[in-house]
Amino acid sequence: MLNINGFHYGTFVASIFTLAGCTGMGETHSTTEVPGRAESAKSQLLEAGASMMQTNAPPSRLNVYLVGFHPLKKEPLHQFEAHHFCDQVNEDFLQCALYDGNTDDAKLNGIEYIISETLFEQLPEEEKQYWHPHNGEILSGQLVAPNLPVAAEHELMKSKVNSYGKTWHTWGTAHSEDNELSLPLGEPSLAWSFNRDGEAKPRLIEERDQRMGIDTEERRRARQDLVPLAKPQSGIDALKGEFPGPTQPIPGVEAKPSY
């Protein structure tokens, strides 16, 4: 049985999937219609042959599914739902393909790299401006791992406390209040994270929760034991004052002093 730092992974894996109660997992369809002709029979045949004879090794490793919300760093009021399908490359590095849903009509609309605090602190200061902090997303309950047993999701979120993400959105297709684009036009946009209560539009969270059977407030309450693990992070105040309504600190989410 694997034992790392006193943690019995064999026992953990065997037990979590027998526990009652899972996080929500409703379907989220893409709302974007892409212009173009219907796929031809020839294209379908070529696609079927390719699926049998070519490799799908990279995407087959995207076995961690997360759902959260992103505001754009330069346009904080442009905010939307983000479905992350991720590959845990090693303990310090996660790479994710971002979609606007979780069904077979979902559109690929960005990428996110997630790194540990250790790797973040090794980055040049100029590079750090592209990486958003994750403690606000985790401790607010906004970031979830759908359909996992509660204990498994909790361990996953615990492993991401103090981490950072670098996110580029390449297509304005997502569940949001903004007009969506039928094609991926223009330059990619750097996304950020919500770090204070009141920054995310309430309707954005409410609609996600209702559609997917998720209770963000319950997730928040269940993660209070993670608050003592949270360290001050860079980027917490990057969007402070950029939202029209009042905002409040999230307990445990603190800005790292700048010197």
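Nothing here was measured: the structure is a model prediction, and the numbers come from that model.

Within this structure, the stated rule accounts for one cavity of 30 Å³ or more. In this structure, the largest cavity occupies an estimated 70 Å³ of space. Taken together, Leu-66, His-70, His-84, Glu-112, Ile-114, His-132, His-134, Glu-137, Leu-143, Lys-160 and Ser-163 make up the lining of the largest cavity. Elements with a contribution of two residues or more to the lining of the largest cavity: β3 (64–71) and β6 (108–115). Of the residues contributing to the lining of the largest cavity, the split by class is three nonpolar, five polar and three charged.

A separate point is helix α8 (residues 202–212). Those residues of α8 lying buried are Leu-204, Ile-205, Arg-208, Asp-209 and Met-212. Take α8 and look down its axis: the buried residues cluster within an arc of 120°, on one side only. Counted as exposed and oriented over 90 degrees from the buried face of α8: Pro-202, Glu-206 and Gln-210. Elements in contact with the buried residues of α8: β3, β4 (79–90) and α9 (216–222). Positioned one or two residues after α8, Gly-213 has a phi angle of 70°, which is positive.

Among the secondary structure elements, His-169 is positioned in strand β8 (residues 164–169). A residue is classified by how much of its surface remains accessible, and His-169, at 4% relative accessible area, is buried. A polar contact of 3.0 Å, which involves the side chain of His-169, links it to the side chain of His-70. Setting aside chain neighbours within four positions, we find His-169 in contact with His-70, Phe-80, Leu-98, Asn-109, Gly-110, Pro-188, Ser-189 and Ala-191.

So, how was this worked out
- Residues numbered from 1 in each chain as written.
- Predicted model: local features only at pLDDT ≥ 70, side-chain atom pairs only at ≥ 80, totals over all residues.
- Heavy atoms only, no water.
- 1 Å grid on protein atoms, 1.4 Å probe; cavity = no way out; pocket = protein on both sides within 12 Å on 5 of 7 lines; lining within 4 Å.
- Points joined across faces, edges and corners; volume = space filled by probe spheres on them.
- Helix = DSSP H or I, 4+ residues; strand = E, 2+ residues; numbered from the N terminus.
- Nonpolar A, V, L, I, M, F, W, Y, C, P; charged D, E, K, R; others polar.
- Buried < 20%, exposed > 50% of the residue type's maximum accessible area, 1.4 Å probe, protein only.
- Arc of directions from axis to C-beta.
- Contact = heavy atoms within 4.5 Å.
- Polar contact = N/O pair within 3.5 Å; in protein donor to acceptor, adjacent residues only side chain to side chain.

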